[in-house]
Amino acid sequence: DKYLAGYQKSSGALLELHKSSGELLWQQNQMHGSPVFSQDGTEIFSGPEVLETATGKRIARAPITKSAYDIQWAPQGSLAAWKNENKVQVWDRSTNKTRTLTLPEGHTASNTLQVSPDGKWLAASVYVQIHNNVALWNLTKFAAPELHRILTPINGAFGLPFSPDNRQLIYAGQ
């Protein structure tokens, strides 16, 4: 109850401050995406870092390079997914192994990734020429993705939220 945590957008830093004095207790820089709490609130997933909420101590780090972007964590923190150039990569925290997912032939990864609430599915906005699609990987099999064509001509997705039961996906575009 003595601490405040915050996110400084200009520097991409996760901060923890003493509530009464405002003293900076710790700061996590070089973020790649918004920080999120684990379901039980004991961990923070901040870019490639897994931090202990109470202390800010690093518990684990995904093997993400500086060129990676759009890092997404499974809600329980079991895996992280990100884009690196035109590849989609997934890191399994329990095995410390990284896998590269194959994009559908001729497709380019767009600007949005999303891991399902149960951590079993990964959705990515992908395109070929002027056609927008959603690639959907089953992360328990790591097979080629299902490809779903978006019929409305839009300029890519800015959100791919899953329903809480993992059965539906919204393609939010502009």
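Please refer to the structure higher up on the page.
Just so we're clear, the structure is a prediction, and the values are computed from it rather than from any experiment.

Caption draft 1: Representation of the overall build of the protein within the structure. Tallying secondary structure elements over the protein gives zero helices and 17 strands in all. Considering the protein as a whole, with its 174 residues, one finds that 42% of them fall into the buried category. As displayed, the protein offers around 9900 Å² of accessible surface, 50% of which is attributable to carbon and sulfur atoms.

Caption draft 2: Quick peek at the sheet that holds strand β11 (residues 97–101). An order of β8-β9-β10-β11 is seen for the four strands of this open sheet, with the pairing classed as antiparallel. Lying at the two open borders of the sheet, with one neighbouring strand each, are β8 (68–73) and β11. When strand polarity is set aside, the average angle formed by the axes of neighbouring strands in this sheet is 25°. Pairing of β8 with strand β9 (residues 79–84) involves four bridges; the strand directions are antiparallel. Paired with Tyr 69 across the strands is Lys 83, a residue of β9.

Caption draft 3: Region of interest: the sheet that holds strand β6 (residues 49–52). What the four strands build is an open sheet, ordered β4-β5-β6-β7; its pairing is antiparallel. Here the strands that pair on one side only, and so sit at the sheet edges, are β4 (36–37) and β7 (58–61). The sheet contact formed by strand β5 (residues 43–46) and β6 spans four bridges and is antiparallel. Across the sheet, the residue bridging to Ser 46 is Glu 49, located in β6.

Caption draft 4: Local environment of the environment of Asp 40. As for its placement among the helices and strands, Asp 40 is situated in the loop between β4 and β5. Owing to a relative accessible area of 58%, Asp 40 belongs among the exposed residues under this scheme. Between the C-alpha atoms of Asp 40 and Pro 75, which are 35 residues apart in sequence, the distance is 9.8 Å. Within the structure, Asp 40 has its side chain in polar contact with the side chain of Ser 38 (distance 2.7 Å). Within the structure, Asp 40 has its side chain in polar contact with the side chain of Thr 42 (distance 2.7 Å).

Cut-offs used in this document
Residues numbered from 1 in each chain as written. Predicted model: local features only at pLDDT ≥ 70, side-chain atom pairs only at ≥ 80, totals over all residues. Heavy atoms only, no water. Helix = DSSP H or I, 4+ residues; strand = E, 2+ residues; numbered from the N terminus. Buried < 20%, exposed > 50% of the residue type's maximum accessible area, 1.4 Å probe, protein only. Areas by Shrake-Rupley, 256 points an atom, 1.4 Å probe, with all protein chains shown as cover. Pairing = 2+ DSSP bridges. Axes fitted to C-alpha atoms, helices over the stretch in contact; angles between N-to-C directions. Polar contact = N/O pair within 3.5 Å; in protein donor to acceptor, adjacent residues only side chain to side chain.

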